[in-house]
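What follows is the residue order along each chain.
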Amino acid sequence: MREVTPTIRARIANSGFTLVAGQAVEGLTSRMRNSSLKRRLGVSRVLIRSGYFIAGLEHIKMGDNFDAGKGLWLEAVTRHRTQIFTPRIVIGDNVSVSFWCHIAAVNLITIGDNVMMGSKVLIIDHNHGSYGPLVHDNPDTPPSSRTLTSGPVLIGDNVWIGDGAVITPNSTIGSGSVIGANAVVTGAIPANSIAVGIPARVIRQFDTSLQQWVPARLNISKPESNVPDQLSDIV
């Protein structure tokens with residue numbers, strides 16, 4: 001107790017009693033919550049902080065050492081109005097998710113091992129309605145009443161997804177790739193690539209023979225014209 005007391009006193013002096021007490025209570029409830037989740041998921045360690053919303057846990061498979069910041073929204077959606085779904089969310093080992101991330105599936109989302117995400121990342125495999133030339137919803141229909149359409153999202157190992165990125169239905173991200181902050185992925189990003197922009201375009205790839213990142217080859221989609229040339233040097 002002699003060793004702990006000065007530390008607690010220092011924290012109170014620095015942050016205030018109310019904040020320190022609140023953190024202590026949150027720490028206790030967090031340990032209880034994560035202990036329950038660990039048993040239900042059958043993993044050795046999971047850490048999900050406060051303010052979370054998790055639904056459809058029976059359709060979620062999670063690897064060891066999942067770490068999520070505050071405000072996680074993780075949902076396997078089984079019903080929307082008259083639609084019934086059998087969703088799957090499969091998360092690998094050592095996945096780290098920052099604050100206020102939203103991951104939701106009616107179909108399939110897979111996230112590989114050692115994936116890291118920044119804050120406010122959205123990964124979703126469905127849309128409210130269809131908007132193609134042949135199959136479409138009438139704009140007079142409220143979005144909440146439109147039929148959910150879906151397509152799988154597949155994310156490989158060792159992927160880094162920056163703050164505010166959006167991963168849309170029918171998208172794949174190859175292993176070892178980097179998705180820039182606020183990028184919107186709408187299709188396939190090859191392995192070992194850096195993609196930025198809206199929609200996301202590959203600007204660099206890792207050359208295994210040179211063992212370095214190089215400008216994207218001509219057969220890889222290029223950044224939109226409004227992406228600054230110097231961005232590839234910043235990334």
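For clarity, every value in this text was computed on a predicted model and none was experimentally measured.

(A) A look at the nonpolar core. By size, the foremost hydrophobic cluster in this structure holds 41 residues, and its most contacted members are F66, I111, M117, I123, I155, I161 and I179. Among residues more than four places away in sequence, those in contact with I155 are T110, I111, G112, V115, I123, I161 and I173.

(B) Quick look at the sheet that holds strand β11 (residues 108-111). Spatially, β3-β8-β11-β16-β19-β22 is the arrangement adopted by the six strands of the open sheet, whose pairing is parallel. The outermost strands of the open sheet, each flanked by one partner alone, are β3 (60-62) and β22 (188-189).

(C) Representation of the sheet that holds strand β18 (residues 166-167) within the structure. Across the sheet, six strands lie side by side as β2-β5-β10-β13-β18-β21; this open sheet has parallel pairing. One side of each edge strand has no neighbouring strand; the edge strands of this open sheet are β2 (53-55) and β21 (184-185). Where strand β10 (residues 102-105) meets strand β13 (residues 122-124), three bridges bridge the pair, whose relative direction is parallel. Bridge pairing in β13 places I103 opposite I123.

(D) Looking closely at the packing of aromatic side chains. As enumerated under the stated definition, the model contains two aromatic pairs in all. Considering the side-chain rings of F53 and W73, the 6.2 Å spacing of their centres and the 90° angle between planes classify their relative orientation as edge-to-face. Taken together, the positions of F53 in strand β2 and W73 in strand β5 (residues 73-76) put the pair 20 residues apart, joining distant regions of the chain. Classification of W73 as partly exposed rests on a relative accessible area of 38%. The interplanar angle of 70° and the centroid separation of 5.4 Å between the aromatic rings of F206 and W213 together place this pair among those described as edge-to-face. Judged by relative accessible area, which is 26%, F206 ranks as partly exposed.

(E) How the structure looks around the confidence of the model for the chain. Chain-level pLDDT for the chain is 85 on average; 80% of the residues reach the 70-or-more range. Below a pLDDT of 50 lies the segment residues 218-235, which in the model reaches 23 contacts outside its immediate sequence neighbourhood of four places, other chains included.

(F) Layout of the pattern of salt bridges. One pass over the structure, following the stated rule, counts one salt bridge. Between D67 and R49 there is a salt bridge, with the nearest N and O atoms lying 2.6 Å from each other. One end of the pair, D67, is in strand β4 (residues 66-68); the other, R49, is in the loop between β1 (46-48) and β2, with 18 residues separating them in the sequence.

(G) Region of the structure containing the environment of G129. The residue G129 is located in the loop between β14 (126-128) and β15 (148-150) in this model. When its relative accessible area of 2% is taken as the criterion, G129 is described as buried. As for G129 and S144, which are separated by 15 residues in sequence, their C-alpha atoms are 8.9 Å apart.

(H) Molecular detail of unusual backbone geometry. Of the consecutive residues I198 and P199, the connecting peptide bond is found in the cis state with omega at -10°. Position of P199 among the secondary structure elements: in the loop between β23 (193-196) and β24 (201-207). Of note, N182 is a non-glycine position whose phi angle comes to about 65°, a positive value. Among the structural elements, N182 can be located in the loop between β20 (178-179) and β21. The backbone of Q211 shows a phi angle near 55°, a positive value even though the residue is not glycine. The exposure class assigned to Q211 is exposed, which follows from its relative accessible area of 54%.

Calculation criteria
- Residues numbered from 1 in each chain as written.
- Predicted model: local features only at pLDDT ≥ 70, side-chain atom pairs only at ≥ 80, totals over all residues.
- Heavy atoms only, no water.
- Core = buried A, V, L, I, M, F, W, Y, C linked by side-chain atoms within 4.5 Å.
- Buried < 20%, exposed > 50% of the residue type's maximum accessible area, 1.4 Å probe, protein only.
- Contact = heavy atoms within 4.5 Å.
- Pairing = 2+ DSSP bridges.
- Helix = DSSP H or I, 4+ residues; strand = E, 2+ residues; numbered from the N terminus.
- Phe/Tyr/Trp six-rings, centres within 6.5 Å; stacked < 30°, edge-to-face > 60°.
- pLDDT = per-residue confidence, 0-100.
- Salt bridge = Lys/Arg side-chain N within 4 Å of Asp/Glu carboxyl O.

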